[in-house]
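Coordinates in review
Chain by chain, the residues:
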Amino acid sequence: QVQLAESGGGLVQAGGSLRLSCVASGSIFGINIMHWYRQAPGKQRELVATITSGGSTNYVDSVKGRFTISRDNAKNTVYLQMNSLKPEDTAVYYCNAFITNLARATANYWGQGTQVTVSS
């Protein structure tokens, strides 16, 4: 079994910073592309940032210059450093990844989500 577990969410004032982490565990052979999504109340889930296995990154326009996605392949972990946070960043943040297990089967996995609340 493979699982993703996020941590690092919380309550922060506007202009502050948070660092989210997502650890993959289980019978992992390799981790391919990894994403951070977010979903605000009453809104659709939104892709926030992507990082490939080679380290290439991409961001939604609204977070460019403020958020940084990174990964530590040795620790099966992806991070999202969020700076200059705004109230509109308030959402549940989800980790998502395409992971190949020891049987060489690749599937898409989601974490349980971590709440980020930015007060004005």
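The structure we're discussing is the one just above.
Residues numbered from 1 in each chain as written. Predicted model: local features only at pLDDT ≥ 70, side-chain atom pairs only at ≥ 80, totals over all residues. Heavy atoms only, no water.

A count of helical and extended segments in the protein gives zero helices and eleven strands. When its helices and strands are written in sequence order, the protein yields β-β-β-β-β-β-β-β-β-β-β. Its C-alpha radius of gyration of 14 Å places the protein within 12% of the 14 Å reference for a compact globule of 120 residues. Classification of the 120 residues of the protein by burial places 42% in the buried group. Taking as baseline every contact in the protein between residues at least 6 positions apart, the subset at least 24 positions apart corresponds to 55%. In the protein, 10 side chains carry a positive charge and 6 a negative one; their mean positions are 5 Å apart. (Helix = DSSP H or I, 4+ residues; strand = E, 2+ residues; numbered from the N terminus. Rg over C-alpha atoms; globule rule 2.2 N^0.38 Å. Buried < 20%, exposed > 50% of the residue type's maximum accessible area, 1.4 Å probe, protein only. Contact = heavy atoms within 4.5 Å. Lys, Arg positive; Asp, Glu negative; His and termini not counted. Charge placed at Lys NZ, Arg CZ, Asp CG, Glu CD.)

This next bit is on the state of the cysteines. Going through the model one piece at a time under the given rule, you end up with one disulfide. Between the sulfur atoms of C22 and its disulfide partner C95 the distance amounts to 2.2 Å. Because the torsion about its S-S bond is -80°, the bridge between C22 and C95 counts as left-handed. Separated by 73 residues along the polypeptide, C22 in strand β3 (residues 18-26) and C95 in strand β9 (residues 91-101) bring together distant segments of the chain. In this structure, C22 and C95 share a single accessibility class: buried. (Disulfide = S-S within 2.5 Å.)

What follows concerns the packing of aromatic side chains. Here the structure, examined in full by the defined rule, presents two aromatic pairs. Aromatic side chains Y37 and W110 sit 4.9 Å apart centroid to centroid with 55° between the ring planes, which places their arrangement in the tilted category. On the criterion of sequence distance, the pair formed by Y37 in strand β4 (residues 28-39) and W110 in strand β10 (residues 106-110) is long-range, its members being 73 residues apart. Classification of Y37 as buried rests on a relative accessible area of 19%. Stacked on the ring of Y79, the Lys or Arg R19 has its end atom at 4.0 Å from the ring centre. The ring of Y94 has R45 sitting right over it, with the charged end atom 3.8 Å from the ring centre. (Phe/Tyr/Trp six-rings, centres within 6.5 Å; stacked < 30°, edge-to-face > 60°. Lys NZ or Arg CZ within 6 Å of the ring centre and 35° of its normal.)

Tallying each qualifying case throughout the model produces four salt bridges. In this structure, D61 and K64 form a salt bridge, with 3.0 Å as the shortest nitrogen-oxygen distance. According to the relative accessible area criterion, D61 is exposed, its value standing at 62%. (Salt bridge = Lys/Arg side-chain N within 4 Å of Asp/Glu carboxyl O.)

Next up on the list: the pairing of strand β8 (residues 77-82). Burial analysis of β8 places five of its six residues in the buried class, the great majority of the element. Of the strand pairs in this sheet, β3 and β8 are connected by six bridges, and their pairing is antiparallel. Looking across to β8, one finds that C22 is bridged to V78. When strand β7 (residues 67-72) meets β8, the two strands line up antiparallel, connected through six bridges. By the bridge assignment, T68 is partnered in β8 with Q81. The turn linking β7 back onto β8 is made up of four residues, and N76 within it adopts a positive phi angle of 50°. (Pairing = 2+ DSSP bridges.)

Read these as spatial facts, not as claims about activity.
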